[in-house]
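# Coordinate analysis (summary)
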Amino acid sequence: MSVAGPETEQVLQAAVQQAQEQRQPLEILGSGSKRFYGRTPVGEQLSTAAHRGVVNYEPKELVVTARAGTPLTELDRVLGEQGQMLAFEPPRFGPDATLGGTIACGFSGPRRPYMGAARDFVLGVRMLNGRGEVLRFGGEVMKNVAGYDVSRLMVGALGTLGVLLEISLKVLPAPEQEQTLVQELGSLQAIQVMNQWAARPLPLSAAAYDGMRLYLRLSGTAGAVSAGRSQVGGDPLPDGEAFWQALREQRNAFFDHQRPLWRLSMPPGAPVLDLPGKQFIDWGGAQRWLISDAAPESIRLVVQQQGGHATLFRGGDRAGERFHPLPPPLVEIHRNLKHAFDPSNIFNPGRLYPEF
Amino acid sequence: MNTMNEQSTDKTALVAALREILPPESIIHTEEELRPYECDGLPAYRLMPLVAVLPERVEQVQQVMRLCHQMGVPVVARGAATGLSGGALPLADGVLLSLARFNRIIDIDNVNRTARVQPGVRNLAISQAVAALGLYYAPDPSSQIACTIGGNVAENAGGVHCLKYGLTVHNILELKLVTAAGELITVGGESLDAAGYDLLALMTGSEGMLGIVVEILVRLLPSPERAQVLLAAFDSVERAANSVGEIIAAGIIPAGLEMMDGFAIRAAEAFVHAGYPTDAQAILLCEVDGGNEEVSAHVNQVRQLLLDQGATEVRTARDEAERVRFWKGRKSAFPAVGRLSPDYYCMDGTVPRRRLAEVLTGIGELSRSYELQVANVFHAGDGNLHPLILFDSNNPGELKRAEDLGAEILELCVKVGGSITGEHGVGHEKLHQMCVQFSPAELEQFRAVKRALDPRGLLNPGKVIPQPRHCSEYKSLGTDTLIPPQQRVGGRG
């Protein structure tokens, strides 16, 4: 295998240029850990896995730049050595999950409502557009408003707008201490309590409800965590970290199903949703997992009425709509943007929406 | 000043058509009435719009846009016009669309911790309206008393607290916009993310070129239990700059971390009597916030760290009054420096923090070679510099010298891996420096994005994204406002 860097970038660039000439659709992937996500992948596989490695890491700057194929485990190790972390706590869904795939999917873990989402930490990208041009947007500085925010536009675009080559991220110091507290509550009350604490100056870093128990995680200095604990109450969970990891990776008993799994993104204070199936509440109420065989239209209707949107995350029909259908003017904007970046429609066509 | 529209607009026909949409008092078209609209917060650039309109309902904005779309008339949106990059500079053959009358807070949702506001609401008014709930809106640009939230969205405004709490893009959830064709769209939503592309991020900071913001849902945060500010004096700018990285390396993210150089310190002290040490070469203001325990721990840690880094003095604000006074000096630094000079020009570059000391030295050298005083006031925590160039426009050639010096400072920022603008936007002012920061292919990609949302190029045309011709002229010949690097007054070849 050649050395990652200019060589692997040139390989990717040449592949895109060739695909564009031949109008050959490409399925962009890293390790393939998130191939389950979105509509059915089509096209010839273009792997960014060999384009890996940390390009620049400046702990004092709170900035890391890494190639798209860099495994998250490698990033975790490099950041961990300096007492820092990716504060959006990305889910992996596989041992070899790459940074590129994580950003393209825009996944964030339990810390998201309190610290921010993947898109909030992206400072810049180096990418290939559909013409095979290497472009750089944003940078390694915290503030940068020169030109449109193309870097953040790439987050969650599922590779339909470009091939990510390098990503610069803001990183944060890992908390000195963390503690998870558990208490039994009814679902209505749990949603209330999560939102009530989120409105107070507490070092909250995660809040979830499994249908019986409310889990709250506090992070910060030892003093902050113990002061927070005396306010929120509950019993300490001995291996809190394992609980949040299992939730993040969908490895706990709730997710152990072959039935369709829905992700419902809601206003955090939305009431308990009256839907058939079972639910698990994360993100302090803002992300609700639903396992249900109910008709997609009926799920979407209920969710939309409460100000949210629904994604068919796993299972179900991959040829149909996975993401919440967009109103017509937004479909047109999406199609136009897709064309602006990928005029030959070669990148992950149809993966996000059937229209482009 | 040229625009993308070659044919001049028929003003009479335009005004007549606008009268079908808006009451007469909402249409401004005589010269004396238009005068207040000729510039924004960067008065070096002025231009009279053809017509200014002040709609008060979303449908009126849509109708104005549909009309302008039909007639091919460009439109520049304007909030409070506190912008510092000429982003709201009107077009001679265009409509200036003021959103000043959209000044209502529509709803405050204490459960979901959001506020739904119109674009003309002032930034500070949001925090004031929700203070009783123990909440606030985090981004706080220095102009927060006057600037409006719509303008904040257009510029992706930051402020003193954005290292910890983020920029506008991190603190809004949903936008309602009127497109170039007059359609009303909603991007983002009441949940933490939305389906499809992150159009919320694309729209934020797009400087009125992709849509006109008519409603904003902002996220509110709980007010910290306690905030404490430390003031550290240094006998060298470099030492102060290096301390910044050390605080962050210690795992502390200050709520605010600001730096002022000797000139700015003395100007601010003379103006507001903040109690600053006037013999210092630099001061750092470091605010830590959070729970009581955490703040106490961090204050002690930061104090020791600053002393270890060679601070000649470290003071902790004894009470809220002193904390407010420490900040008052910083927040009034621009007008304070402004008092000392007939004119000043405020720059807005960002650099990686580790290059701060080097860039400040570079700015000092440039200042000497251009023979113009530069005061440095900046958000040190996020490497966002605001050099203030002092000049007198009554002296022939001095404005041009100030502009050239500014251009060189921005190009220095790009050279060390930074950006030409951290929070003020490109606007009209930094068009040429876009040619330095971005490649032709990158600029073309920006143009393609613009076409995707505004195919006829009617929203704030001519700003932010330079045409290829501008870049080639800038690099070889210079232009009306700027001369090329090798020919600059203080140029070093």
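Each chain carries its own residue numbering, running from 1 in the direction its sequence is written. Both sets of labels track the order of writing: A upward for chains, 1 upward for ligands. Local features in this predicted model are restricted to residues of pLDDT 70 or higher, and side-chain atom pairs are both shown and tallied only at a pLDDT of 80 or more, whereas totals for entire chains, interfaces and linings draw on every residue. Excluding hydrogens and water, the side-chain figures rest on all heavy atoms present in the structure.

## Side note on the overall build of chain A
Put simply, the rule reads: Runs of E in the DSSP output that reach at least two residues are strands. Runs of H or I that reach at least four are helices, and both are numbered from the N terminus. What the globule rule says is 2.2 Å times the number of residues to the power 0.38, and the radius of gyration is computed from C-alpha atoms. Relative accessible area decides the class of each residue, using a 1.4 Å probe on protein chains only: under 20% of the type maximum gives buried, over 50% gives exposed, and in between gives partly exposed. Should any heavy atoms of two residues lie within 4.5 Å, those residues are considered in contact. Using a 1.4 Å probe, accessible areas were evaluated by the Shrake-Rupley method; residue-level cover was limited to the displayed protein chains.
Looking only at helices and strands, one finds eleven helices and 17 strands in chain A. On C-alpha atoms alone, chain A measures out to a radius of gyration of 21 Å, which is about the 21 Å that the 2.2 N^0.38 rule sets for 356 residues. Summarising its shape, the C-alpha atoms of chain A cover approximately 60 × 50 × 35 Å along the three principal directions. Split into buried and exposed, the 356 residues of chain A put 62% on the buried side. Long-range pairs, those at least 24 residues apart, make up 67% of the contacts in chain A with a sequence separation of at least 6. For chain A, the computed accessible surface area is about 12,700 Å², with 49% contributed by carbon and sulfur atoms.

## Some thoughts on the overall build of chain B
Condition: Lys and Arg are tallied as positive, Asp and Glu as negative. Neither His nor the chain termini are counted. By convention, the point assigned to a charge is CZ for Arg, NZ for Lys, CD for Glu and CG for Asp.
Counting secondary structure elements, chain B contains 17 helices and 18 strands. Along the three orthogonal principal directions, the C-alpha set of chain B runs to about 70 × 60 × 40 Å. Each of the 493 residues in chain B was classed as buried or not, and the buried ones make up 64%. Contacts in chain B between residues at least 24 apart in sequence constitute 71% of all its contacts with a sequence separation of at least 6. When the accessible surface of chain B is split by element, carbon and sulfur atoms take 50% of a total near 17,200 Å². The centroid of the 44 positive side-chain charges in chain B is displaced by 0 Å from the centroid of its 59 negative side-chain charges.

## Quick look at the environment of B:Gly94
Along the chain, B:Gly94 turns up in the loop between strand 3 (75-78) and strand 4 (95-98). Sequence separation between B:Gly94 and B:Ala452 is 358 residues, and the spatial gap between their C-alpha atoms is 21 Å.

## A few points about the nonpolar core
Which entries qualify depends on this criterion: Buried residues of nine kinds, namely Ala, Val, Leu, Ile, Met, Phe, Trp, Tyr and Cys, make up a nonpolar core once their side-chain atoms join them within 4.5 Å.
Residues A:Ile103, A:Leu169, B:Leu175 and B:Met259 are the most contacted members of the largest nonpolar core, which totals 167 residues. In this view, A:Ile103 contacts A:Phe88, A:Ala118, A:Val122, A:Met154, A:Val155, A:Gly156, A:Leu164, A:Ile167 and A:Leu169; residues no more than four positions away in its chain are not counted.

## Concerning the confidence of the model for chain B
Residues and elements named next belong to chain B. To be explicit about the condition: The quantity called pLDDT is the predictor's confidence in a given residue, expressed from 0 to 100.
Overall, the predicted model of chain B reaches an average pLDDT of 93, with 95% of residues at or above 70. Contacts from residues 1-7, a stretch scored under 50 in pLDDT, to residues over four places away or in other chains number 14 contacts. As scored by the predictor, the complex reaches a pTM of 0.96 and an ipTM of 0.98.

## Brief notes about the sheet that holds strand 3 of chain B
All names here are of chain B. Just so we agree on the cut-off: In short, DSSP must find at least two bridges between two strands for them to pair. To obtain an axis, a line is fitted to C-alpha atoms, over the contacting stretch when the element is a helix, and the angle between two such axes runs from 0 to 180 degrees between their N-to-C directions.
Pairing is mixed across the open sheet formed by four strands, whose spatial order is 1-2-4-3. At either margin of the open sheet sits one strand with a lone partner, and together these are strand 1 (27-28) and strand 3. Pairing analysis gives two bridges linking strand 1 to strand 2 (residues 51-53), with the strands arranged antiparallel. Residue pairing across strands places Ile 28 opposite Ala 52, the latter belonging to strand 2. Of the strands in this sheet, strand 1, strand 2 and strand 4 touch helix 1 (residues 11-19), which is tilted by about 15° from strand 2.

## So, the interface of chain B and chain A
Basically, it comes down to this: Once two parts are put together, the accessible area they lose, assessed with a 1.4 Å probe and summed over both, is termed the buried area. A carboxyl oxygen of Asp or Glu within 4 Å of a side-chain nitrogen of Lys or Arg is what we treat as a salt bridge. The definition of a polar contact used here is a pair of N or O atoms within 3.5 Å, where within protein one atom must be able to donate a hydrogen and the other to accept one, and adjacent residues in sequence count solely through side-chain atom pairs. Residue polarity follows a fixed list, in which Ala, Val, Leu, Ile, Met, Phe, Trp, Tyr, Cys and Pro are nonpolar, Asp, Glu, Lys and Arg are charged, and the others, Gly among them, are polar.
Chain B puts 82 residues into the contact, and the matching count from chain A is 71 residues. Between chain B and chain A, a total of about 6,100 Å² is buried, with carbon and sulfur atoms accounting for 60% of that surface. Across the chain B-chain A interface, the total number found is seven salt bridges. Where B:Arg354 meets A:Glu61, a salt bridge forms, and the shortest distance between an N and an O atom there is 3.7 Å. Our count for the contact surface shared by chain B and chain A stands at 27 residue pairs in polar contact (both at pLDDT 80 or more). Of all the secondary-structure elements, those providing two or more residues to the side of chain B that touches chain A are helix 6 (162-165), strand 9 (184-188), helix 7 (199-203), helix 8 (237-249), helix 10 (292-308), helix 15 (431-437) and helix 16 (440-453) of chain B. The leading source of residues in the side of chain B that touches chain A is helix 16 of chain B, at nine residues. The residue inventory of the side of chain B that touches chain A, partitioned by class, reads 37 nonpolar, 27 polar and 18 charged.

## A closer look at the state of the cysteines
The term disulfide refers to a covalent linkage connecting the sulfur atoms of a pair of cysteines. Residues and elements named next belong to chain B. The criterion, for reference: Two cysteine sulfurs form a disulfide in these notes if their separation is within 2.5 Å.
Applying the stated criterion across every chain yields a total of one disulfide over all chains. The partner cysteine of Cys 435 in its disulfide is Cys 471, sulfur to sulfur 2.2 Å. In this structure, the disulfide formed by Cys 435 and Cys 471 twists by about -80° around the S-S bond and is classed as left-handed. Within this pair, whereas Cys 435 is found in helix 15, its partner Cys 471 is found in helix 17 (residues 468-476), the two being separated by 36 residues in sequence. Considered together, Cys 435 and Cys 471 belong to a single accessibility category, that of buried residues.

## A closer look at the packing of helix 1 of chain B against helix 3 (residues 58-71) of chain B
Residues and elements named next belong to chain B. Here is the rule: Throughout, the term roughly parallel applies to angles under 35 degrees, roughly antiparallel to angles over 145, roughly perpendicular to angles from 65 to 115, and oblique to all others. Handedness of a helix crossing follows the sense of rotation of the near helix relative to the far helix, less than a right angle counterclockwise being left-handed and clockwise being right-handed.
Look at helix 1 against helix 3: their axes get within 10 Å of each other, and the N-to-C directions meet at 150°. The orientation of helix 1 relative to helix 3 falls into the category roughly antiparallel. Judged by the twist between their axes, the crossing of helix 1 over helix 3 is right-handed. Between helix 1 and helix 3, the contacting residues are Ala 13, Leu 14, Ala 17 and Leu 18 on the first element and Val 64, Leu 67 and Met 71 on the second. A breakdown of the residues in the contact of helix 1 with helix 3 according to their chemical character gives seven nonpolar, no polar and no charged.

## Looking at the sheet that holds strand 13 (residues 256-261) of chain B
Residue and element names in this part refer to chain B. Strands sit in the order 15-12-14-13-17-18-16 across an open sheet of seven strands; the sheet is antiparallel. Only two strands of the sheet have a single neighbouring strand rather than two, namely strand 15 (313-316) and strand 16 (343-346). This sheet shows a mean twist of 15° between the axes of neighbouring strands, independent of strand direction. Pairing geometry for strand 17 (residues 374-379) and strand 18 (residues 384-391), over six bridges, is antiparallel.

## Digging into the domain arrangement of chain B
All names here are of chain B. Just so we agree on the cut-off: For the domains described, the bounds stem from an automatic or database domain assignment.
Domain boundaries assigned for chain B yield domain 1 (2-98), domain 2 (105-222), domain 3 (226-336) and domain 4 (343-487). One C-alpha centre belongs to domain 1, the other to domain 2, and the line joining them spans 24 Å. Contact residues are listed per partner, giving 13 residues for domain 1 and 15 residues for domain 2. Across the domain 1-domain 2 interface, the total number found is zero salt bridges. Taken together, the connections running from domain 1 to domain 2 amount to one residue pair in polar contact (both at pLDDT 80 or more). Contributions of two or more residues to the side of domain 1 that touches domain 2 are made by helix 3 and strand 3. Among the elements that take part in the side of domain 1 that touches domain 2, helix 3 stands out by supplying six residues, more than any other. The residue makeup of the side of domain 1 that touches domain 2, split by class, is seven nonpolar, five polar and one charged.

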